[in-house]
Amino acid sequence: MPPPSPSTSISPENGDLVALSGRCSTKRNLRLLHGALLRRRHLLPAADAVAALAKLLRFAAVSPAGDLRQAAAILSTHLPFISSASSHPTFFYNTLMRGLAASSSPSDAIELFAVMRRSGAAPDAFTFTFVLKSCSRCPSRRRLPSDLHGQAIKHGCLGKLSAHTHVHNALLHAYACRVSVDDACRVFEEIPVRDVVSFSGLLTAHLKANDLDAARVVFDQMPCRDVVSWTAMISAYAKACMPQEALALFDAMPMQPDEVTMVSIVSACTTLGDLATGERARRLIDSHGFGWMVSLRNALMDMYAKCGCLPEARALFDGMMVKSLASWNTLISAYASHGDLDNTIDVFHQMLAEGNTVKPDGVTLLAVLMAYAYKGCVEEGRAMFNAMQRGDYGKVQLTIEHYGCVVDMLGRAGKLEEAYQMIEQMPIPSNAVVWGALLGACRTHGDINMAERAIQELSNLKPEEGGYYILLSDMYTSAGRIAEATEIRRAMNESRVQKTTGRSTAFLPQL
């Protein structure tokens, strides 16, 4: 008969609690063993009780199968005993702090550090490693890296010993995450033995500061680069709209990329409109077994759509076993931006039929409105916007883009007064883009009176913008009102306003 598994052989009433605690592998066993320890701790040698507590706390705080709440309860319940019976209570604080630092509530580790200091327990190098990691992951500014920096020096945890490298690295990453580039550079220079983590921290600091030139210098100097370093640099180029640099670096990558790398590569291909390279990336994705990943399929759909290959984008969508909100938005927006109203509405209705699985958001509804605007379907677009205002599609916050799209739709249809009233009655402040959409419609339909009203608003929002006045001047000229056109040109020359670069007033959803 095979021996029973550890999860079923634990009998806390009859076994060695120290050994059993070391074999704890489930939350149920954790509760049983902690209960037994509470009842029998006074019967055990102090060293055995401390050892059992250390093992239980480590499982509860660090194991994926553990329980951080139970870990916190264990520490708080037994802290007086630990403080009197253990020569190193800092270990227990560190164990819980390690778990909290990696949790969804890293700020709790910072609070625990404060409790530890008030108790008089002396922090060590591991303490600062964990609390600095929490500082890196926590957006709160209640505990800054500079505060911990001083304390680490005070307690001798930032010396020139190679054993202190992990504290230096944690401090460097904390400064990097707060975009304190100068401080990060100083810590980097002080690290006694730099490793790949040290260089990655400095690379992160420059990337978060959007200084790609400095980041590339650090990247090129790294003695050892892992896939994370390569991906960070490639992703930074892709996000900075430097797709050629991203692809060139990818071609030089000496190891197998991961799924994050490939998302950035597909994004770079999308920016360039490079379908051939994008399809090569897709073959690489499939060969590495990444093809099932929703984020990658979404990126590929977006690439195909923006390269004009809507059938390929639809085939990818239809082949997805799991579709995220971004999947639906990508395809709906693709059809809308190509003016394909029928497919836009068809996919939108399919999405609504999914029920609670996925619900439309502001991007979805903006894309559908945009499709109606492109096709001049004013009644349908107006009905949908009214439904949005009633909350028929859920609690979707209407933004300036939604109102602007309706203004654009009404303006294209010649309903300029209605468009004007919509802008005036918006519950949110208008902007130059919305008034610019109305002005463009005025030019299309030759409505000089409404154009003058729009330009009055634009002059308040952007008095330095000269293009609007030139457009009105052209309208005056086309209407034979030469004197008024000349007067506008003269006023422009006197005030020295400049004609700015033209841009589209289309309200494209940003995925």
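Conventions used here
- Residues numbered from 1 in each chain as written.
- Predicted model: local features only at pLDDT ≥ 70, side-chain atom pairs only at ≥ 80, totals over all residues.
- Heavy atoms only, no water.
- Helix = DSSP H or I, 4+ residues; strand = E, 2+ residues; numbered from the N terminus.
- Rg over C-alpha atoms; globule rule 2.2 N^0.38 Å.
- Buried < 20%, exposed > 50% of the residue type's maximum accessible area, 1.4 Å probe, protein only.
- Contact = heavy atoms within 4.5 Å.
- Lys, Arg positive; Asp, Glu negative; His and termini not counted.
- Charge placed at Lys NZ, Arg CZ, Asp CG, Glu CD.
- Axes fitted to C-alpha atoms, helices over the stretch in contact; angles between N-to-C directions.
- Parallel < 35°, antiparallel > 145°, perpendicular 65-115°, else oblique.
- Nonpolar A, V, L, I, M, F, W, Y, C, P; charged D, E, K, R; others polar.
- Phe/Tyr/Trp six-rings, centres within 6.5 Å; stacked < 30°, edge-to-face > 60°.
- Left-handed = near helix turned anticlockwise from the far one by under 90°.
- Core = buried A, V, L, I, M, F, W, Y, C linked by side-chain atoms within 4.5 Å.
- Patch = residues over 30% accessible without salt bridge, like charges linked within 9 Å, V, L, I, M, F, W, Y side chains within 5 Å.
- Areas by Shrake-Rupley, 256 points an atom, 1.4 Å probe, with all protein chains shown as cover.
- Salt bridge = Lys/Arg side-chain N within 4 Å of Asp/Glu carboxyl O.
- Expected span 1.5 Å × (residues − 1).
- pLDDT = per-residue confidence, 0-100.
- Polar contact = N/O pair within 3.5 Å; in protein donor to acceptor, adjacent residues only side chain to side chain.
- Arc of directions from axis to C-beta.

Colleague: How should the overall build of the chain be read in this particular structure?
Modeller: Looking only at helices and strands, the chain has 29 helices and 0 strands in total. Taking 24 Å as the expected radius of gyration for a compact globule of 511 residues, we find that the chain reaches 31 Å, considerably beyond that expectation. Within the span of the chain, comprising 511 residues, buried residues form 48% of the whole. Across the chain, every contact between residues at least 6 apart in sequence was considered, and the portion connecting residues at least 24 apart equals 59%. Taken as two groups, the 50 positive and 49 negative side-chain charges of the chain have centres that lie 9 Å from each other.

Colleague: Explain the side chain of His78 here, please?
Modeller: Tracing the chain through its elements places His78 in helix α5 (residues 68-85). Taking the relative accessible area as the measure of exposure, His78 reaches 1% and is therefore buried. The residues touching His78, leaving out its near neighbours within four places in the chain, are His34, Leu38, Arg41 and Leu53.

Colleague: I keep staring at the packing of helix α25 (residues 416-425) against helix α26 (residues 432-445) and nothing clicks. Help me out?
Modeller: Two numbers describe a pair of packed helices, the interaxial angle and the distance between the axes. In the contact formed by α25 and α26, the axes pass within 11 Å of each other and the chain directions differ by 170°. One element, α25, and the other, α26, form an angle in the roughly antiparallel class. Where α25 approaches α26, its residues Leu416, Ala419, Tyr420, Ile423 and Glu424 are matched on the opposing element by Val434, Trp435, Leu438, Ala441, Cys442 and His445. Class assignment of the residues belonging to the contact of α25 with α26 gives a composition of 9 nonpolar, 1 polar and 1 charged.

Colleague: Can you walk me through unusual backbone geometry in this structure?
Modeller: One non-glycine residue, Val179, lies in positive phi territory at about 60°. Residue placement: Val179 occurs in the loop between α10 (165-177) and α11 (181-190). Here Asn210, not a glycine, exhibits a phi torsion of approximately 60°, which is positive. Relative to the helices and strands, Asn210 is located in the loop between α12 (196-208) and α13 (212-221). Residue classification places Asn210 among the exposed residues on the basis of a relative accessible area of 64%.

Colleague: Any chance you could explain the packing of aromatic side chains here in plain terms?
Modeller: Ring pairs (aromatic) are described by centroid distance and by the angle formed between their planes. In total, this model carries 8 aromatic pairs according to the counting rule given. Both rings, one in Phe188 and one in Phe199, keep their centres 5.1 Å apart while their planes meet at 75°; by these two values the pair is edge-to-face. In this pair, Phe188 is assigned in helix α11 and Phe199 in helix α12, connecting sequence segments 11 residues apart. Classification of Phe199 by relative accessible area gives buried; the value is 10%. A centroid spacing of 4.9 Å and a plane angle of 80° characterise the contact between Phe317 and Trp328, whose relative ring orientation is edge-to-face.

Colleague: Is there a simple way to think about the packing of α25 against helix α27 (residues 448-461) in this case?
Modeller: With their axes 11 Å apart at the nearest point, α25 and α27 run at an angle of 20° to one another. On the basis of the axis angle, α25 is roughly parallel to α27. Crossing of α25 against α27: the hand is left-handed. Here α25 contributes Leu416, Glu417, Tyr420 and Glu424 to the contact with α27, which in turn contributes Met450, Arg453 and Glu457. A per-class count over the contact of α25 with α27 returns 3 nonpolar, no polar and 4 charged.

Colleague: Help me out: how do you make sense of the nonpolar core in this one?
Modeller: If you look at soluble globular proteins, the nonpolar side chains tend to sit buried side by side. Judged by nonpolar contacts, the single largest core of 163 residues is most densely connected at Met233 and Leu438. The leading source of residues in this core is helix α4 (residues 46-62), at 10 residues. Look past the residues within four positions of Met233 in its chain and what remains in contact with it is Leu203, Leu207, Leu212, Ala215, Arg216, Phe219 and Leu249.

Colleague: Teacher, can you tell me more about a positive patch on the surface here?
Modeller: Taken together, the side chains of Arg58, Arg98, Lys133 and Arg137 make up a positively charged region of the molecular surface. If you trace the backbone, Lys133 turns up in helix α8 (residues 125-137). Residue class for Lys133 comes out partly exposed when judged on its relative accessible area of 38%.

Colleague: When you look at helix α23 (residues 378-390) in this model, what are you seeing that I'm missing?
Modeller: Along an α-helix, a turn takes 3.6 residues, which lines up residues three or four apart on a common side. A rise of 1.5 Å per residue sets the reference length of α23, with its 13 residues, at 18 Å; its end C-alpha atoms lie 18 Å apart and thus fit the reference within 8%. Buried residues of α23: Val378, Gly381, Met384, Phe385, Ala387 and Met388, and no others. Against the buried residues of α23 lie α21 (341-353), α22 (362-375), α24 (400-412) and α25. Of the residues trailing α23, Gly391 is marked for its positive phi of about 85°.

Colleague: What is the right way to look at the confidence of the model for the chain in this model?
Modeller: Reading fine detail from the predicted coordinates is not recommended where pLDDT is low. Confidence in the prediction of the chain, expressed as mean pLDDT, is 88, and 92% of residues score 70 or more. Mean pLDDT across the secondary structure elements of the chain bottoms out at helix α1 (residues 6-9), with 44, and peaks at α13, with 96. The low-confidence segment residues 502-511, where pLDDT is below 50, has 30 contacts with residues more than four positions distant or belonging to other chains.

Colleague: Mind showing me how you'd approach the side chain of Arg178 here?
Modeller: Looking at the element boundaries, Arg178 is found in the loop between α10 and α11. In this structure, Arg178 is buried with no salt-bridge partner, the nearest side chain bearing the opposite charge being Asp147 at 8.3 Å. Within the structure, the side chain of Arg178 is placed 3.3 Å from the backbone oxygen of Cys135, a separation counted as a polar contact.

Colleague: Could you clarify how one ought to interpret α25 in this entry?
Modeller: Of all the positions in α25, only Leu416, Ala419, Tyr420, Met422 and Ile423 are classed as buried. Along α25, the residues classed as buried sweep out an arc of 160° about the axis, all on the same side.

Colleague: I'm lost on the environment of Thr127 in this one. Help?
Modeller: The topology assignment puts Thr127 in helix α8. Sequence separation between Thr127 and Gly391 is 264 residues, and the spatial gap between their C-alpha atoms is 50 Å. Excluding anything up to four places from it in sequence, Thr127 contacts Thr90, Asn94, Met97, Phe113 and Met116.

Colleague: How should the pattern of salt bridges be read in this particular structure?
Modeller: Evaluated as defined, the whole model comprises 16 salt bridges. One salt bridge in this structure joins Asp392 and Arg390, with 2.8 Å as the shortest N-O distance.

Colleague: Explanation requested: the environment of Asn94 in the structure shown.
Modeller: Structurally, Asn94 can be placed in helix α6 (residues 90-101). On the basis of relative accessibility, which here comes to 6%, the residue Asn94 falls in the buried class. Setting aside chain neighbours within four positions, we find Asn94 in contact with Met116, Asp124, Phe126, Thr127 and Phe130.

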